[in-house]
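Chain residues, written in single-letter form:
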Amino acid sequence: MDDTEARPVYALNLFDIADRDEYAAYSRRSAQEVERHGGKVVALGKFADSIRGGIEPRQALILVEWQSRAHFDGYREDPELADLHPHREAGGGNYVWHLFDKLDDLRPLLR
């Protein structure tokens, strides 16, 4: 495993609620499973206003810090969670799921 694989990553989730019951079924278990797989929910948010940018607004934001990309992938690929992820997919609409490497400062972007 190289250094980038061992570094924390952030998963930015932007989505609309497509089916409340399905997303509720996902959220009842997801927090404990995220934690069990090395993730920590850093922020939850409800859309308030679009100030600038070309991204279509979504109702909800969830930001999760994962110990590494491998931990994130482990959550997504865990066969014990095969019954969980379909609830997220059915419950959320217009889903955006982006990963960002955690930085201590912006110098790597300014090189």
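Residues numbered from 1 in each chain as written. Predicted model: local features only at pLDDT ≥ 70, side-chain atom pairs only at ≥ 80, totals over all residues. Heavy atoms only, no water.

Participant: Where do I start with the sheet that holds strand β2 (residues 39–46) in this structure?
Facilitator: Hydrogen bonding along the main chain pairs the strands of a sheet, whether they run parallel or antiparallel. Judged by pairing direction, the sheet is antiparallel, and its 4 strands sit side by side in the order β2-β3-β1-β4 without closing on themselves. Single-partner strands in this sheet number two, and they are β2 and β4 (92–101). Going across the sheet, the axis of each strand differs from the next one's by a mean of 15°, ignoring polarity. (Pairing = 2+ DSSP bridges. Helix = DSSP H or I, 4+ residues; strand = E, 2+ residues; numbered from the N terminus. Axes fitted to C-alpha atoms, helices over the stretch in contact; angles between N-to-C directions.)

Participant: Please clarify how the pairing of strand β1 (residues 9–17) should be interpreted in this entry.
Facilitator: Of the strand pairs in this sheet, β1 and strand β3 (residues 60–66) are connected by 7 bridges, and their pairing is antiparallel. Considered in β3, the bridge of valine 9 is made with tryptophan 66. Examined bridge by bridge, β1 and β4 share 8 bridges and lie antiparallel to one another. Considered in β4, the bridge of leucine 14 is made with valine 96.

Participant: Hey, could you run me through the environment of glutamine 67 in this one?
Facilitator: Turning to its location among the elements, glutamine 67 is positioned in the loop between β3 and α3 (69–77). Classification of glutamine 67 by relative accessible area gives partly exposed; the value is 47%. Sequence separation between glutamine 67 and isoleucine 55 is 12 residues; the distance between their C-alpha atoms is 27 Å. The residues touching glutamine 67, leaving out its near neighbours within four places in the chain, are Ala6, Arg7, Pro8 and Gly38. (Buried < 20%, exposed > 50% of the residue type's maximum accessible area, 1.4 Å probe, protein only. Contact = heavy atoms within 4.5 Å.)

Participant: Please clarify how a nonpolar patch on the surface should be interpreted in this entry.
Facilitator: On the surface, Leu103, Leu106, Leu109 and Leu110 cluster together to form a nonpolar patch covering roughly 430 Å² of accessible area. For leucine 106, the position within the fold is in the loop between β4 and α5 (107–110). (Patch = residues over 30% accessible without salt bridge, like charges linked within 9 Å, V, L, I, M, F, W, Y side chains within 5 Å. Areas by Shrake-Rupley, 256 points an atom, 1.4 Å probe, with all protein chains shown as cover. Salt bridge = Lys/Arg side-chain N within 4 Å of Asp/Glu carboxyl O.)

Participant: For this particular structure, what's the right way to read the layout of surface pockets?
Facilitator: Over the atoms a probe the size of a water molecule is rolled, and this reveals where empty space is left. In this structure, the largest pocket occupies an estimated 240 Å³ of space. Forming the walls of the largest pocket are 18 residues, and the residues nearest its centre are Tyr26, Ser30, Val34, Val41 and Ile62. For the lining of the largest pocket, the elements supplying multiple residues, two or more each, are β1, α2 (20–36), β2, β3, α3 and β4. When residues in the lining of the largest pocket are grouped by element, the largest group, 6 residues, is from α2. As a volume, the second largest pocket reaches approximately 170 Å³. Lining the second largest pocket we find Leu12, Leu14, Gly45, Lys46, Phe47, Ser50, Ile55, Glu56, Pro57, Arg58, Ala60 and Leu61. At the level of elements, β1, β2 and β3 are the ones that each hand at least two residues to the lining of the second largest pocket. When the residues that make up the lining of the second largest pocket are grouped by side-chain class, the tally is 7 nonpolar, 2 polar and 3 charged. (1 Å grid on protein atoms, 1.4 Å probe; cavity = no way out; pocket = protein on both sides within 12 Å on 5 of 7 lines; lining within 4 Å. Points joined across faces, edges and corners; volume = space filled by probe spheres on them. Nonpolar A, V, L, I, M, F, W, Y, C, P; charged D, E, K, R; others polar.)

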